[in-house]
Amino acid sequence: MRALFLTWDGSQQTYLESLFFPIFAELAKLGVEVEVLQLTWADSPAVAATARAAERFGIGYRAER
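Throughout what follows, the structure given in this document is the object of discussion.

1. Here we look at the packing of helix α1 (residues 15–29) against helix α2 (residues 44–57)
Here is step 1: Closest axis-to-axis distance for the α1/α2 pair is 10 Å, and the angle between their directions is 25 degrees. Viewed along their axes, α1 and α2 adopt a mutual orientation that is roughly parallel. By crossing handedness, the relation of α1 to α2 is classed as right-handed. Contacts between α1 and α2 involve Leu-16, Glu-17, Phe-21, Pro-22 and Ala-25 from the first element and Thr-50, Ala-53, Ala-54 and Phe-57 from the second.
Here is step 2: Its residues assigned to classes, the contact of α1 with α2 comprises seven nonpolar, one polar and one charged.

Here is the structure:
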C-alpha cells in the first residue's frame, strides 16, 4: 500500500523528523510506503536538513514553498 502524507509546517517545526518519520519507518515494515509532501516557509538549509532526515528513515520527501 502507498500513502501520501501532505503537511504544512512552519520553519521552526520538527514534527516530521521527531514524530512522523519514525512512525512512517515502522509502517514501511508492515508494507505501507508513505511519501511526504511538505508545504513550508522554511529556508533552504532547513528543507535540506528535513530531506536528509527523510533519507535516513527511507521516506520519500518533497518540499514546496
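Alright, that's what it looks like, and here's the rest.
2. So, the environment of Asp-43
Here is step 1: Relative to the helices and strands, Asp-43 is located in the loop between β2 (33–40) and α2.
Here is step 2: Given a relative accessible area of 45%, Asp-43 falls into the partly exposed group.
Here is step 3: Spatially, the C-alpha atoms of Asp-43 and Arg-65 are 8.9 Å apart, while their sequence positions differ by 22 residues.
Here is step 4: Side-chain polar atoms of Asp-43 contact the backbone nitrogen of Ala-46, separated by 3.0 Å.

3. Topic: α1
Residues spaced three or four apart along an α-helix face the same direction, because each turn holds 3.6 residues.
Here is step 1: The first and last C-alpha atoms of α1 sit 21 Å apart over 15 residues, in line with the 21 Å expected at 1.5 Å per residue.
Here is step 2: Within α1, the axis deviates most sharply at Phe-21, by approximately 35 degrees, and proline Pro-22 lies no more than four positions further along.
Here is step 3: Leu-16, Phe-21, Phe-24 and Ala-25 are the residues of α1 that are buried.
Here is step 4: Where α1 is buried, its residues contact β1 (2–9), β2, α2 and β3 (60–64).
Here is step 5: Directly beyond the C-terminal end of α1, a positive phi value near 90 degrees is found at Gly-31.

4. A short note on the pairing of β2
Here is step 1: Here eight bridges tie β1 to β2, and the two strands are oriented parallel to one another. Paired with Ala-3 across the two strands is Val-34, which belongs to β2.
Here is step 2: Alignment of β2 against β3, held across five bridges, turns out to be parallel. Residue pairing in the sheet places Gln-38 in a bridge with Ala-63 of β3.

Basis of the calculations
Within each chain, residues carry numbers counting from 1 in the order of the written sequence. Only residues with pLDDT of at least 70 get local features here, since the model is predicted, and only at 80 or more are side-chain atom pairs given and counted; chain-wide, interface and lining totals rely on the full set of residues. Based on all heavy atoms of the structure, the side-chain values leave hydrogens and waters out of the count. Only the contacting stretch of a helix is used when fitting its axis, a line to C-alpha atoms as for every element, and angles between N-to-C directions run 0 to 180 degrees. What counts as a helix is a DSSP run of H or I of at least four residues, what counts as a strand is a run of E of at least two, and both are numbered from the N terminus. Here the angle decides the label: under 35 degrees means roughly parallel, over 145 means roughly antiparallel, 65 to 115 means roughly perpendicular, and every other value means oblique. The hand of a helix crossing depends on one turn: near helix anticlockwise from the far one by less than a right angle means left-handed, and clockwise means right-handed. Throughout, a contact is declared for two residues whenever any of their heavy atoms are within 4.5 Å. Under this grouping Gly is polar, as are all residues other than the nonpolar Ala, Val, Leu, Ile, Met, Phe, Trp, Tyr, Cys and Pro and the charged Asp, Glu, Lys and Arg. Working definition: with a 1.4 Å probe on protein chains only, accessible area under 20% of the residue-type maximum means buried, over 50% means exposed, and in between means partly exposed. Any pair of N or O atoms that falls within 3.5 Å is considered a polar contact. Within protein, one atom must be able to donate a hydrogen and the other to accept it, and sequence-neighbouring residues count only if both atoms are side-chain atoms. Here the expected span of a helix is defined as 1.5 Å times the quantity of residues minus one. We define the bend at each residue as the angle formed by axes fitted to the 7 residues ending at it and the 7 residues starting at it. Two strands are said to pair when DSSP picks up at least two bridges between them.

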